[in-house]
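If you want the building blocks of each chain, they are given just below.
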Amino acid sequence: MILQTHLLISKQLFMKGVSLNSNKGFTLIEALVAITILLLGVLGPLSAATRGITDGMIAKSQIVALGLAQEAIELTKAKIDSNTRVNLDWMDGLVSCLVNNVCRVEVSSNDYEICDPDQTNLNNSTTCWIQSDNQGIYVPLISGSTNGQMFHRTIQITPTTGNSILGDDAEAKVVVVVGWQDKGQWRSTTLTNYIYNY
C-alpha cells in the first residue's frame, strides 16, 4: 500500500513537470542575458587586477632605474672626493665620460670606461647594459648572459658654460640615463646633477 501511494505521488509529480503548456523556465535569450551579466561581473575585477599587476611591475622597474641613476651620481661624487683626498686632479678617472662620450662605471672598483651607447648592442665587452649578479649588485653585462632584468645605464659629464673642466673653479653637469625594455616598449629615466672642484 505504501509502495502504491509512493508510486502514485511520483507519477503525479512527473506529469506536472513535463506539461507541454508550462511557461516555467528560461528562454534561450534570457539565459544568454544572464550569462553576459555574470561574465561582465567577473571580467571587470579580473581585468582591474591584471592592470594592477602590470602597473606594479612597471613601477618596480622605475624605482630600480631611479636607484641605479642615483647610484651613478653618488659614485661620481665619491670618485671626485677620492681624487681630492689623494691630491689627484679632481676629474682623474672620469675623463672618459667627458662631452661626446658616454661611459659606464664598475661599481666594485669605481672605475669608469667608455661604453657603446647602442641599445641593441648586447654582445661585446663595451656595452652600457648592466644586469644584477647573484648578490643583487648591478654589473656590466657579460656577453651572452641575458638572465633577469637588464638596464642600459650611461653617464655623461659636460662642463658648464664658461668654465674650463680642469680649472680651479670648475663645475660640470653629470647626466645619467637609465633605460630598459618593458614588453617591447623602451622606457627610461634621466637624472642630472652638478659636480664641483671644491
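Computed from a predicted model, the values in this text were never measured in an experiment.

Reading the values: the criteria
- Residues numbered from 1 in each chain as written.
- Predicted model: local features only at pLDDT ≥ 70, side-chain atom pairs only at ≥ 80, totals over all residues.
- Heavy atoms only, no water.
- Patch = residues over 30% accessible without salt bridge, like charges linked within 9 Å, V, L, I, M, F, W, Y side chains within 5 Å.
- Areas by Shrake-Rupley, 256 points an atom, 1.4 Å probe, with all protein chains shown as cover.
- Salt bridge = Lys/Arg side-chain N within 4 Å of Asp/Glu carboxyl O.
- Helix = DSSP H or I, 4+ residues; strand = E, 2+ residues; numbered from the N terminus.
- Phe/Tyr/Trp six-rings, centres within 6.5 Å; stacked < 30°, edge-to-face > 60°.
- Pairing = 2+ DSSP bridges.
- Buried < 20%, exposed > 50% of the residue type's maximum accessible area, 1.4 Å probe, protein only.

**Some words on a nonpolar patch on the surface**
Argument step 1. A surface patch of nonpolar side chains, amounting to about 580 Å² of accessible area, comprises I35, L38, L39, V42, L43 and L46.
Argument step 2. With respect to the helices, strands and loops of the structure, L43 is situated in helix α2 (residues 28-85).

**Things to note about the environment of N100**
Argument step 1. Along the polypeptide, N100 turns up in the loop between α2 and β1 (103-106).
Argument step 2. Considering only alpha carbons, one finds N100 and I157, 57 residues apart in sequence, at a separation of 8.7 Å.

**Considering the packing of aromatic side chains**
Argument step 1. Across all of its chains, the model carries three aromatic pairs by this definition.
Argument step 2. Aromatic ring contacts, followed pair by pair, group Y138, F151 and W180 into a single cluster.

**Some remarks on the pairing of strand β3 (residues 129-132)**
Successive residues of a regular strand alternate their side chains across the two faces of the sheet.
Argument step 1. Alignment of β3 against strand β5 (residues 150-159), held across three bridges, turns out to be antiparallel. Bridged to W129 within β5 is H152.
Argument step 2. With three bridges joining them, β3 and strand β4 (residues 138-140) adopt antiparallel strand pairing. By the bridge assignment, S132 is partnered in β4 with Y138.
Argument step 3. With antiparallel pairing between neighbouring strands as the criterion, β3 and β4 make up a hairpin whose turn holds five residues, including G136 at a positive phi of roughly 85°.

**Some remarks on the pattern of salt bridges**
Argument step 1. Taken as a whole, this structure holds four salt bridges when the rule is applied.
Argument step 2. Across the pair E71 and R153 runs a salt bridge, and its minimum N-O distance is 2.8 Å. With E71 in helix α2 and R153 in strand β5, this residue pair connects regions lying 82 residues apart in the sequence.
Argument step 3. The class of E71 is partly exposed, set by a relative accessible area of 26%.
Argument step 4. Here R187 makes a salt bridge to D182, at a shortest N to O gap of 3.0 Å.
Argument step 5. Look at R187 and you get partly exposed, because its relative accessible area is 22%.
Argument step 6. Classification of D182 as buried rests on a relative accessible area of 16%.

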